[in-house]
Amino acid sequence: MLLSACDRVEGMRIGVNYTAKNLCSCLFVMERDRDSCYGDMIGAVERIPVEVDTDAGTVRASIFGVITGEASHERGRGCSLR
Amino acid sequence: MQPALRLSTLLVLVLVLGLALVVVAVGSARGEASVWPTDSWPRADGSEPYQPQDIEAFLKTAFEDDAAEFFRGARGVVVVHGGKLVAEAYREAEGYGPQSRFVSWSEAKSVTQALTGIAVRKNLLELHAPAPVTQWQGRDDPRAAITLDQLLRMSSGLEWEEGAGGLDDSSVMLFGSGRRDMAAFAADKPASHTPGEHWAYATGTTMIVSGLVRDAVGGSEDAYRAFIAGELLEPLGMTSAVAEFDPAGTFIGGTSFYASTRDYARFGLLYLRDGVWNGKRILPEGWSDYSRSVTPHSDGKYAVHFWLGPVGEAKALAAQGLALPDDMYQARGMGGQFIAIIPSRDVVIAYNGYSELEDYSPIDVYFAKILALLTE
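Residues numbered from 1 in each chain as written. Chains lettered and ligands numbered in written order. Predicted model: local features only at pLDDT ≥ 70, side-chain atom pairs only at ≥ 80, totals over all residues. Heavy atoms only, no water.

Peer 1: Help me understand helix α12 (residues 362-373) of chain B in this model?
Peer 2: In an α-helix, one turn spans 3.6 residues; hence positions three or four apart end up facing the same way. All names here are of chain B. Helix length check: α12, at 12 residues, gives a terminal C-alpha distance of 17 Å against a target of 16 Å (1.5 Å per residue), a fit within 8%. Within α12 the residues assigned to the buried category are P362, I363, D364, V365, Y366, F367, A368, I370, L371 and L373. Packing partners of the buried residues in α12 comprise α2 (52-60), β1 (74-81), α11 (314-319), β9 (329-333), β10 (337-342) and β11 (347-353). (Helix = DSSP H or I, 4+ residues; strand = E, 2+ residues; numbered from the N terminus. Expected span 1.5 Å × (residues − 1). Buried < 20%, exposed > 50% of the residue type's maximum accessible area, 1.4 Å probe, protein only. Contact = heavy atoms within 4.5 Å.)

And the structure:
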């Protein structure tokens, strides 16, 4: 039970980080629009709420507001997860 | 006096002419190799046995509605022959063009391989010696014997589960608990086979290699970035390229590199030209041949962070009257990213796209038809 709860948390963490990182790189490194970016991502992550700050170059994805993934872009260096 | 003078003048003239001829002959012998992309890229000049517009017209068939399903996500393709950019095409309707940056996914592994080669050339790493991975130096650690060559051949024998989703090791390394230090996460895996006796494709292995390059060139992200830019990207003029790093200062060399299709083609041209770029040696002598040398236990499909042969069955190609040369090797990435290097044909083809299909073999047909057109 405990292991499976850990796995679920890790699975959700992977989900938010995958979303934040890939969306960040697609928007700011490949300079594509959001719909086009989602077209290249696994379908399940479309339901994860995201906040995109275009000026700051950040993407934040979170599940229940608790498990959060945040990626930020730096020109010439791409995106990295916080 | 007069005839003697004329004779000596004639002799000098003959000598000068002879020298000039020798210079021209040497120049043309190197003619193919002397064409290089710099700020611009020399195009086909009409001396080819084919019409470049025919090649371009064929490339564009990938973007037509009746193309195989695999090509619905085709975005960019560049064909280089004799060092010249003979044709290219992009899915312009979706905004893609020569300046578009495309994600490498696993093509990055071949970029990491190049960085490793450069470090070997500079005597910063040793190919056939045990890899200096910190976690493996304990007493009686079976991993201490793993060489850099075995890592580059995906034959470390380390435990690893490679998958495209869920809780497999690559997902955990890239987005889960391993993300802060990917090289360490992969290196911490136990040995499950004797090094060199088992082939298993593992993104973690590339991260171990990338960690070794990081440490060899100074250990920090800034030092590693300076190495990548100064030793590879700037000499080749890959101005579009972006490399992403993890928080431990390691280039995410298994998956996270971005460049235009033209710049991926430049990368392929470096290998086609045996690691020399416009007179400057980048990769060690013989590195290209090493890069395409077959790895045991890989069913003949894998070399040294490059793939061998067609994606699908050669038989299936032959059934259509097509073939791909035996000496072709490729960098490949998820979704359909390819850099095909074909020394016997003096050709590089770079392709970027996105497909969710499992079967990428339509690319074999596409490449084989491009090669057939290049001879007509």
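Peer 1: Please explain the sheet that holds β9 of chain B as it appears in this structure.
Peer 2: Hydrogen bonds between backbone groups are what pair the strands of a sheet, and the pairing can be parallel or antiparallel. All names here are of chain B. Strand order across the open sheet formed by six strands is β2-β1-β11-β10-β9-β8, with antiparallel pairing between neighbours. Two strands close off the open sheet at either side, each with one partner strand: β2 (84-90) and β8 (307-308). Note: β1 against β11, seven bridges, orientation antiparallel. Within β11, the position partnered with V78 by the bridge is A350. Each of β1 and β2 is contacted by α2, which is oriented at about 30 degrees to β2, the strand it contacts most. (Pairing = 2+ DSSP bridges. Axes fitted to C-alpha atoms, helices over the stretch in contact; angles between N-to-C directions.)

Peer 1: Mind showing me how you'd approach the interface of chain B and chain A here?
Peer 2: Reports often express the size of an interface as the amount of accessible area lost when the parts come together. Listed by partner, the interface residues are 27 residues for chain B and 24 residues for chain A. Between chain B and chain A lies a buried interface of about 2,000 Å² when both sides are counted; carbon and sulfur atoms form 53% of it. Looking at the side of chain B facing chain A, the largest losses of area belong to R101, L167 and F175 of chain B, adding up to 29% of the total buried there. For the pair chain B and chain A, the number of links is four salt bridges. Measuring nitrogen to oxygen at the nearest pair gives 2.6 Å for the salt bridge that ties E244 of chain B to K21 of chain A. Connecting chain B to chain A are 14 residue pairs in polar contact (both at pLDDT 80 or more). Secondary-structure elements contributing two or more residues to the side of chain B that touches chain A are β3 (102-103), α5 (169-175), α8 (221-236) and β4 (242-243) of chain B. (Buried area = accessible area lost by both parts, 1.4 Å probe. Salt bridge = Lys/Arg side-chain N within 4 Å of Asp/Glu carboxyl O. Polar contact = N/O pair within 3.5 Å; in protein donor to acceptor, adjacent residues only side chain to side chain.)

Peer 1: What is the right way to read the state of the cysteines from this model?
Peer 2: Here, disulfide denotes a covalent bond that connects the sulfur atoms of two cysteines. Residue and element names in this part refer to chain A. Enumeration according to the criterion identifies two disulfides over all chains in this entry. Covalently, C24 is tied to C79 through a disulfide, its sulfur atoms 2.1 Å apart. The sign of the S-S torsion, about -80 degrees, decides the handedness of the disulfide formed by C24 and C79: left-handed. Highlighted residues: C24 in helix α1 (residues 2-29) and C79 in strand β4 (residues 78-81), separated in sequence by 55 residues. Like C79, C24 is buried. Between the sulfur atoms of C26 and its disulfide partner C37 the distance amounts to 2.1 Å. The chirality of the disulfide connecting C26 with C37 is left-handed, given an S-S dihedral of about -90 degrees. On the criterion of sequence distance, the pair formed by C26 in helix α1 and C37 in helix α2 (residues 34-39) is long-range, its members being 11 residues apart. Taking the relative accessible area as the measure of exposure, C37 reaches 1% and is therefore buried. (Disulfide = S-S within 2.5 Å.)

Peer 1: Would you explain the pattern of salt bridges in this entry?
Peer 2: A pair can form between side chains of opposite charge whenever their charged atoms are brought close. Here the structure, examined in full by the defined rule, presents 24 salt bridges over all chains. Of the charged contacts, one joins R60 of chain A and E70 of chain A as a salt bridge, the two residues approaching to 3.7 Å between their closest N and O atoms. You can see R60 of chain A sitting in strand β2 (residues 58-63) and its partner E70 of chain A sitting in strand β3 (residues 67-74), a full 10 residues away along the chain. Overall, E70 of chain A belongs to the partly exposed group, its relative accessible area being 21%. Of the charged contacts in the structure, one is a salt bridge between K189 of chain B and D169 of chain B, with a shortest N-O distance of 2.9 Å. Of this pair, K189 of chain B sits in the loop between α6 (182-187) and α7 (203-216) while D169 of chain B sits in helix α5, and the two are 20 residues apart along the sequence. One continuous salt-bridge network, built from bridges that share partners, spans E51, R60, E70 and R82 of chain A.

Peer 1: Quick question: what am I supposed to make of the domain arrangement of chain B here?
Peer 2: All names here are of chain B. Under the domain assignment used here, chain B contains domain 1 (37-98 + 309-376) and domain 2 (102-260 + 276-304). Each of domain 1 and domain 2 was reduced to a C-alpha centroid, and the two centroids are 27 Å apart. With 18 residues of domain 1 in contact, the opposing surface of domain 2 contributes 13 residues. Around 1,300 Å² of area is buried between domain 1 and domain 2 when both sides are counted, 62% of it from carbon and sulfur atoms. (Domains from an automatic or database assignment.)

Peer 1: Would you explain unusual backbone geometry in this entry?
Peer 2: With glycine set apart, most residues show a phi of negative sign, and most peptide bonds adopt trans. Residues and elements named next belong to chain B. Of note in the backbone geometry, W105 takes a positive phi value of approximately 45 degrees without being a glycine. Within the secondary structure, W105 sits in the loop between β3 and α3 (107-121). One non-glycine residue with positive phi stands out, namely M154, at about 55 degrees. Looking at where M154 falls in the secondary structure, it is placed in the loop between α4 (148-152) and α5. Residue classification places M154 among the buried positions, given a relative accessible area of 1%.

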